[in-house]
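Architecture and fold: a report
Residues per chain, in single letters:
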Amino acid sequence: MHLRKILLFTLFFLSMSIFADDPSITLEHVNVNTSDQASILRGAKLFSSTCMACHTAKYLIYDKFANSAGITANKMPLNQKEWLLNVTPPDLSSEARVRGADWLYTYFHSFYKDPSRPTGFNNLLVPNTLMMDIFVGMQGTQEKAPAREIITPIFGDHLPHYYQVLALTQAGSQTPEEFDETSRDLVNFLVYASDPHASERKSIGIKVLIYLGLFFIIVFLLKKNIWKGK
Amino acid sequence: MTKFIAWLNARFPFQEIWNKNAAKYPTPKNLNFWYFFGVFSLVVLVNQIITGIWLAMVYTPTSADAFSSLEHIMRDVPYGWLLRYMHAVGANAFFIVIYCHMYRSIMYGSFKAPRELLWIIGMLLYVVLIIESASGYALPWGQMSFWAIKVLTTVFSVIPFIGKQVVIWLQGDYNVSGVTLHRFFAFHVIAIPLVLIFLVWAHIVALHRVGSNNPTGKDNVKEIPFHPYYTIKDLSGVIAFLFLFFLIVFFAPTMHGYFLESENFLPANPVVTPLDISPPWYLAPYYSILRAIPNKLMGVSLAAGAIAILFFLPWLDRSKLKSIHQRGAFIKIALTFFVISFIGLGFCGTSHLSNINIIFSRIFAMIYYLFFLTMPFYTKYE
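Residues numbered from 1 in each chain as written. Chains lettered and ligands numbered in written order. Predicted model: local features only at pLDDT ≥ 70, side-chain atom pairs only at ≥ 80, totals over all residues. Heavy atoms only, no water.

Right, let's talk about the interface of chain A and chain B for a bit. Accessible area lost on assembly of the parts is the figure often given for the size of an interface. The interface is formed by 33 residues belonging to chain A together with 38 residues belonging to chain B. Approximately 3600 Å² of surface area, both sides summed, lies buried where chain A meets chain B, with 72% of it carried by carbon and sulfur atoms. Linking chain A to chain B there are zero salt bridges. The interface formed by chain A and chain B includes nine residue pairs in polar contact (both at pLDDT 80 or more). When residues in the side of chain A that touches chain B are grouped by element, the largest group, 17 residues, is from helix α9 (residues 198-227) of chain A. Looking at the side of chain A that touches chain B, its residues break down into 19 nonpolar, seven polar and seven charged. (Contact = heavy atoms within 4.5 Å. Buried area = accessible area lost by both parts, 1.4 Å probe. Salt bridge = Lys/Arg side-chain N within 4 Å of Asp/Glu carboxyl O. Polar contact = N/O pair within 3.5 Å; in protein donor to acceptor, adjacent residues only side chain to side chain. Helix = DSSP H or I, 4+ residues; strand = E, 2+ residues; numbered from the N terminus. Nonpolar A, V, L, I, M, F, W, Y, C, P; charged D, E, K, R; others polar.)

Laid out in structure tokens, this is it:
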């Protein structure tokens, strides 16, 4: 009984450390387009070449589109057992559903240099994240700029934007605009990954609604006719 | 063909059943919009059964495979996503429809003599539907499934003396586990649907014994046969309903977290508690009563009592008049407050717990109970 209590207590505190952080910055808005095939494909290729070094997307292994971009079971680190501090990186198949597109987009943007961390990098949205800053080559190095005066509006969001807290100290291979597009591709892909049939769903939906609309007109006229004089 | 029909009717009363319940079933001529919700609930029930059968063909009710079998349905099974979304949206639509149906009944006094038993069967249906939805809520085996079921079963631990035993009996284990999932699956797909279908049948039999009430609440309105007048009217209503239904299924199936919670796309993890454990919106009113009362046993009793008190409605309302249109200002004011309190409780139950939330939950809970408890007095003088 005692052991169970201690175990529960420990687990409770562990879980607190994972979920206790409220977002400390404003989420940036990203325009997701579930039918932008080119963007999704670019995101998928980036995912297979970069993210899949650590992350899996195991529910995509039968997805032909993902397979064509190089996302296959044999390339995923499905059997790797050893991870930094024994924390297994999460499977990202449904990550966009869980976190939301804006969250992912902001997360990609808010890494900064922090020598006190084992990876050398930290993140504003998930403080003490164990994820490496894989974007540093493209985005460049960001550092916290404590001297910077953060002007938050009196009305609306009080939380600062990531770019108000961080400053780009060393340029990467992409301009900030190009990196925004790269992030958007990756978000587009992760949104696709979490709900691969979204595009198909909407196109079928329009047909179903048109059918029902026409059917309604016919039945409504029939009803008028039958009820005439009642 | 006529010979064959005669042959059939000599052996089974098809013609009699059809005449009694449709072709010659007298129905008030003046049934309005609110009378659609009965047939809508029937449509949703059929939707749930049919999509449910196909989902059960692929779904695996074990703690190891439940989550991934659902992902398999959503991604790899042809049109699996459609079946799942129709089932999930259907479950939510069921409650929207049932709440409108119940509101209609309260508004037009359809629960009053001679329809008390009809009302009670309907209330039993509502309770069984809650059990059905709760057991179905466990099946995706995501974080919310696990923790909501954990909270729900823990609620029973407040029962004096036998509480702990009841919880273990419900879970089939010392914690919510694969055993719980498996038995909830059995309940969800066999036991409760059988009860549900039996009660629906009883509800219709009881209705056809006493006939439909109508918006005026008077008995002397002109009646017309159900078929073809109401079959065609209901069909037009059903198509309009399906239009809205599929609008959600195809374009907003998760309803921004109200129909399918984003948290539930994380597999169940018994060691990580989500920050907010909230019940589905249709149970939120009772949940916020539960949360607002400091004493656990009292909270559970009052939350359960909020449902139980509805059973007694036919005897709490002492007015001889049925419809809101015939009745005085008291019931109109009271009903308005009741609707505000129910929606308010639902709102409190789905939002973050805070001091203001608790204060409002208590105020709304009080109004909710006052609506019923003072009813014998304010309805007496009409």
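That covers the picture; the talk isn't over yet.
Turning next to a nonpolar patch on the surface. The grouping of Ile206, Ile210, Leu214, Ile217 and Leu221 of chain A together with Leu244, Leu247 and Phe251 of chain B at the surface amounts to a nonpolar patch, some 760 Å² of accessible area in total. Top contributing element to the nonpolar patch by residue count: α9 of chain A, with five residues. As for its position among the elements, phenylalanine 251 of chain B is in helix α10 (residues 226-251). Taking relative accessible area as the criterion, phenylalanine 251 of chain B reaches 33% and is therefore assigned partly exposed. (Patch = residues over 30% accessible without salt bridge, like charges linked within 9 Å, V, L, I, M, F, W, Y side chains within 5 Å. Areas by Shrake-Rupley, 256 points an atom, 1.4 Å probe, with all protein chains shown as cover. Buried < 20%, exposed > 50% of the residue type's maximum accessible area, 1.4 Å probe, protein only.)

What follows deals with the nonpolar core. In terms of nonpolar packing, the biggest core is built from 88 residues, with Tyr99, Tyr126, Val249, Tyr286, Tyr368, Phe371 and Phe372 of chain B touching the most fellow members. Considering each element in turn, this core owes the most residues, 15 residues, to helix α5 (residues 80-107) of chain B. Once residues lying within four places of it in the same chain are set aside, the contact partners of tyrosine 99 of chain B are Tyr126, Trp281, Tyr282, Tyr286 and Phe342 of chain B. Grouped together as the second largest cluster of nonpolar side chains are 39 residues, Cys51, Leu92, Trp103 and Leu125 of chain A included. (Core = buried A, V, L, I, M, F, W, Y, C linked by side-chain atoms within 4.5 Å.)

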